[in-house]
Amino acid sequence: MFAMKTLKKPFMTAVLKPQSFRLALLAAGALLGLATAGAQAQDVPPEAGSGSAEAPAASSPADVSSAISPTIANEAASDVSSTGATGAAPVAPKESQEAASAVSQAAPVSQVQTIPDMPPVIDARNIYSEASGPEKMSPTVANHLTRIYVPNLRGNSVSVIDPTTDKVVDTFKVGRSPQHVVPSWDLKTLWVTNNSEGHADGSLTPIDPVTGKPGKAIDVDDPYNMYFTPDGHEAIVVAEAKRRLDFRDPHTMALHQSVEVPKCEGINHAAFSADGSYALFTCEFGRYMAKVDTVNHKLLGMLKLSKGGMPQDVIAAPDGHKFYVADMHADGVFTIDGDKFKETGFIPTGVGTHGLYTNRDATRLYVANRGSHMVHGPRHSKAGGVAVIDLATDKVITTWPIPGGGSPDMGNITPDGKHLWLSGRFDDVVYDINTQTGEMKKVPVGAEPHGLTVWPQPGRYSIGHTGIMR
């Protein structure tokens, strides 16, 4: 990483050597650029789309690396291998090599101009970089219980599992038809979305992650799923049956504004772009994707998928421009260019493709294949399993069948990435899957478990669903 302490000795030595003089000037210019960038950042108005006007200057190694010009880094590196006008250069001295190496390693990808007040994207190659492992845990979750929270759709309850023992340690009643357990943007609350299928008494039940206990429910219309705008300003309640998105206060859930999406029958899952300016939503019963402006609260367009017809989960690729869409009828994953809003490919994965989760370094995608094309499928489906996609090639590299058959649905991975927890939707169990071997354990829970969350998770903030972190 680029730091003054690391570069002090190489730069001091390189200045005394002619062949390293230009390198020193370039690297010094990079350091000067950090201060300039920090000062300029304070003058960028919010409407310029570059985040909060009060964003702090770069102070961590990651912040520093993101402020160095790639041109400076490339020129500095080239000076190590080429000196003098003739181009016939001797091997650069060790000190120059060390200095150039440090600058080169710190060379960033281009900065992402985010929506106002959204936390900065540290690495534009990987929007999940700040959720890469236990070392990225926020101080906010330091005293939170390590638990798996499982909403039981037909049981109107939440089962609480201690993952160290794979035992259910608590079960409590919530509202009717709990669908997902959703971590709040600020990581302080877990919300159970009780959409009360076929009834008008939908609600959100808060869970205190410090105690693992539920609080008083808030009446909310048809909350099938819930997300948070990346700036943390609003919750987006996905009113599936109403074909509507309700932008609400993220704490009180008071309604701010609704966006009607009439052609999006069964609107349910979403993923956000790298800059937070738009989200793609799946339309489960309509074969469509919807693109929504998250700042101006507007429907930007609809995209009809080329085949299948039952899009389920959607997740942004590490670059935040490409998206992966599971389709339960197509038996695979579509790839979408989110900026152009265009279908770009398809990856066959298995029967009843449903849930999507990246591993900790965002190099692989875990795909839950529910084993059936039906909303209420059979128990112990032999087709149920998990496919693993290599995100560098978009190829399935391995599959993990469910021993005895099963119906893997929704979940998440543990902070260390060693275990993938998924609900067994039609089998009244959850699966604890070893991500190194594919071996799994089954834990009995309530009736029809759905969108479970693994908590706590590493990351600065949650954008919702079952704990998609950045």
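Read on for an overview of the structure. Note that the coordinates shown come from a computational prediction; the quantities given were computed from them, not determined experimentally. (Residues numbered from 1 in each chain as written. Predicted model: local features only at pLDDT ≥ 70, side-chain atom pairs only at ≥ 80, totals over all residues. Heavy atoms only, no water.)

Let's shift gears to the pairing of strand β13 (residues 267-272). Note on strand geometry: in a regular strand, side chains alternate between the two faces of the sheet. Within β13, six of the six residues are buried, which leaves it mostly tucked inside the rest of the structure. Across four bridges, the pairing between β13 and strand β14 (residues 278-283) is antiparallel. Opposite A270, over in β14, you have F281 as the bridge partner. Between the end of β13 and the start of β14, which pair antiparallel, lie five residues, with G276 showing a positive phi angle near 80°. (Buried < 20%, exposed > 50% of the residue type's maximum accessible area, 1.4 Å probe, protein only. Helix = DSSP H or I, 4+ residues; strand = E, 2+ residues; numbered from the N terminus. Pairing = 2+ DSSP bridges.)

Let's shift gears to the environment of D428. The topology assignment puts D428 in the loop between β26 (419-424) and β27 (429-434). The spatial distance from the C-alpha of D428 to the C-alpha of K442 is 9.7 Å, given a sequence separation of 14 residues. Setting aside chain neighbours within four positions, we find D428 in contact with R154, R379, P444, V445, G446, A447, E448 and P449. (Contact = heavy atoms within 4.5 Å.)

Moving on, we get to the pairing of strand β4 (residues 178-183). The buried fraction of β4 amounts to six of the six residues, a majority that puts the element mostly inside the structure. The pairing of β4 with strand β5 (residues 190-194) spans five bridges and is antiparallel. Residue pairing across strands places V182 opposite W191, the latter belonging to β5. In sequence, β4 turns back onto β5 through a hairpin of six residues, with L187 there showing a positive phi of about 70°.

What follows is about the environment of M253. By the element assignment, M253 lies in the loop between β11 (244-248) and β12 (255-260). By relative accessible area, M253 is classed as buried at 3%.

Moving on, we get to the packing of aromatic side chains. Scanning all chains against the criterion turns up six aromatic pairs. Here the aromatic rings of Y278 and F323 are separated by 6.1 Å at their centres, their planes lie at 45°, and the arrangement is tilted. Of this pair, Y278 sits in strand β14 while F323 sits in strand β18 (residues 322-327), and the two are 45 residues apart along the sequence. Taken as a pair, Y278 and F323 share a single burial class, namely buried. Site record: aromatic cluster; members linked through ring pairs are Y227, F272 and F281. When the ring centre of Y278 is taken as reference, the NZ or CZ atom of K291 above it lies at 4.2 Å. (Phe/Tyr/Trp six-rings, centres within 6.5 Å; stacked < 30°, edge-to-face > 60°. Lys NZ or Arg CZ within 6 Å of the ring centre and 35° of its normal.)

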